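Here's the letter readout for the chains.
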Amino acid sequence: VPATPIAPVPSERMSSRLDKVRDHLRAIVTALPRLPGEARKSSELLMREVSERGTFEILLLIAAFAALGYGSERLFWRATARTRAWIGTHPMGTVVDRLRMIGMRLGFGLATVAIFGLGSIGAFLIFTWPPLLREIVFAYLLAVLVTRLALFLGRVVLVPGGRGLDDPERYRIVPISTERARFWQ
């Protein structure tokens with residue numbers, strides 16, 4: 001009859017995990033003396049890549065791909081004018097109607113941000129880039145995308161007005177004045 005494995009006692013598991021943490025900390029302490037040299041190598045590699053391409057060219061690449069994302073977002077915005085108008089006229093007599101409208105606005109806005117991401121980062125990823133340049137430009141494009149997402153979420157929650165909304169308080173999730181909504185946005 002095969003022996004059934006016995007589950008480790010909680011104290012044994014904790015002891016095993018502590019041993020792994022100690023081993024990891026020892027490895028970190030052992031690697032610390034190499035850190036300045038590794039940082040210097042990374043800095044030299046970064047400077048070489050930037051000097052080969054030039055700061056202006058890198059900024060131009062970021063701007064071009066962000067413009068592609070913005071252009072694709074504008075095309076999506078134009079193509080969905082009827083859908084946006086339909087969302088804007090959605091009845092909000094009940095809590096369920098209001099939640100449905102908020103969900104539609106949220107879904108539509110997330111789709112808009114996704115279209116921006118596909119247009120900018122998607123277009124960027126089509127091409128082959130030197131590894132370091134790829135990481136630099138990708139990080140900045142990702143930062144632009146996250147900023148756009150944060151602005152969109154602020155618009156959904158705060159609804160600061162503008163963008164053709166006749167009564168922004170009707171759509172606002174957070175019950176604050178329009179002035180405060182604009183301030184926080």
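Structure first, text after, so check above.
Note that this is a predicted model, so its numbers are computed, not measured.

Scoring rules and cut-offs
- Residues numbered from 1 in each chain as written.
- Predicted model: local features only at pLDDT ≥ 70, side-chain atom pairs only at ≥ 80, totals over all residues.
- Heavy atoms only, no water.
- Helix = DSSP H or I, 4+ residues; strand = E, 2+ residues; numbered from the N terminus.
- Rg over C-alpha atoms; globule rule 2.2 N^0.38 Å.
- Buried < 20%, exposed > 50% of the residue type's maximum accessible area, 1.4 Å probe, protein only.
- Contact = heavy atoms within 4.5 Å.
- Areas by Shrake-Rupley, 256 points an atom, 1.4 Å probe, with all protein chains shown as cover.
- Lys, Arg positive; Asp, Glu negative; His and termini not counted.
- Charge placed at Lys NZ, Arg CZ, Asp CG, Glu CD.
- Patch = residues over 30% accessible without salt bridge, like charges linked within 9 Å, V, L, I, M, F, W, Y side chains within 5 Å.
- Salt bridge = Lys/Arg side-chain N within 4 Å of Asp/Glu carboxyl O.
- Phe/Tyr/Trp six-rings, centres within 6.5 Å; stacked < 30°, edge-to-face > 60°.
- Lys NZ or Arg CZ within 6 Å of the ring centre and 35° of its normal.
- Axes fitted to C-alpha atoms, helices over the stretch in contact; angles between N-to-C directions.
- Parallel < 35°, antiparallel > 145°, perpendicular 65-115°, else oblique.
- Nonpolar A, V, L, I, M, F, W, Y, C, P; charged D, E, K, R; others polar.

A. Molecular detail of the overall build of the protein. Each helix and strand counted, the protein has eight helices and zero strands in total. The linear arrangement of helices and strands in the protein, starting from the amino end, is α-α-α-α-α-α-α-α. Over its C-alpha atoms the protein spans a radius of gyration of 26 Å, topping by over 25% the 16 Å that the globule rule assigns to 185 residues. Looking at the protein as a whole, 26% of its 185 residues qualify as buried. Residue pairs in contact within the protein that sit at least 24 positions apart in sequence constitute 64% of those at least 6 positions apart. On the protein, roughly 13100 Å² of surface is accessible, and the fraction owed to carbon and sulfur atoms is 67%. Across the protein, 25 positive and 15 negative side-chain charges occur, with their mean positions spaced 5 Å apart.

B. Seen up close, a nonpolar patch on the surface. Judged by side-chain polarity, V21, L25, I28, V29, L32 and L35 come together as a nonpolar surface patch covering roughly 550 Å² of accessible area. The element contributing the most residues to the nonpolar patch is helix α1 (residues 10–31), with four residues. Tracing the backbone shows L32 in the loop between α1 and α2 (35–53). Residue L32 is classed as partly exposed on the basis of its relative accessible area, which comes to 46%.

C. Up close: the packing of aromatic side chains. By the definition in use, this model includes eight aromatic pairs. Look at F65 and F127: their rings are 6.4 Å apart centre to centre, the planes differ by 55 degrees, and that puts the pair in the tilted class. Of this pair, F65 sits in helix α3 (residues 55–79) while F127 is found in the loop between α5 (95–126) and α6 (131–158), placing the two residues 62 residues apart along the sequence. Looking at R84, its charged tip hangs above the ring of W77, at a distance of 3.8 Å from the centre. The residue whose ring lies beneath R148 is F116, and the NZ or CZ to ring-centre distance is 4.8 Å.

D. Representation of the pattern of salt bridges. Evaluation of the coordinates by the stated rule reveals six salt bridges. Two residues, R22 and D19, come together in a salt bridge whose shortest N-O distance is 2.9 Å. Note that R22 and D19 are positioned in helix α1 at a spacing of three residues, about one turn of the helix. Judged by its relative accessible area of 42%, R22 falls in the partly exposed class. Measuring nitrogen to oxygen at the nearest pair gives 3.0 Å for the salt bridge that ties D23 to R26. Remark: R26 and D23 occur in helix α1; sequence separation between them is three residues, near one turn of the helix. For D23, a relative accessible area of 46% puts it in the partly exposed group.

E. Geometry of the packing of α2 against α6. The interhelical angle for the contact between α2 and α6, taken along N-to-C directions, is 85 degrees, at an axis separation of 10 Å. The orientation of α2 with respect to α6, classified from their angle, is roughly perpendicular. Contacts from L45, L46, E49, V50 and R53 in α2 reach L132, L133 and I136 in α6. Within the contact of α2 with α6, the residues separate by chemical class into six nonpolar, no polar and two charged.

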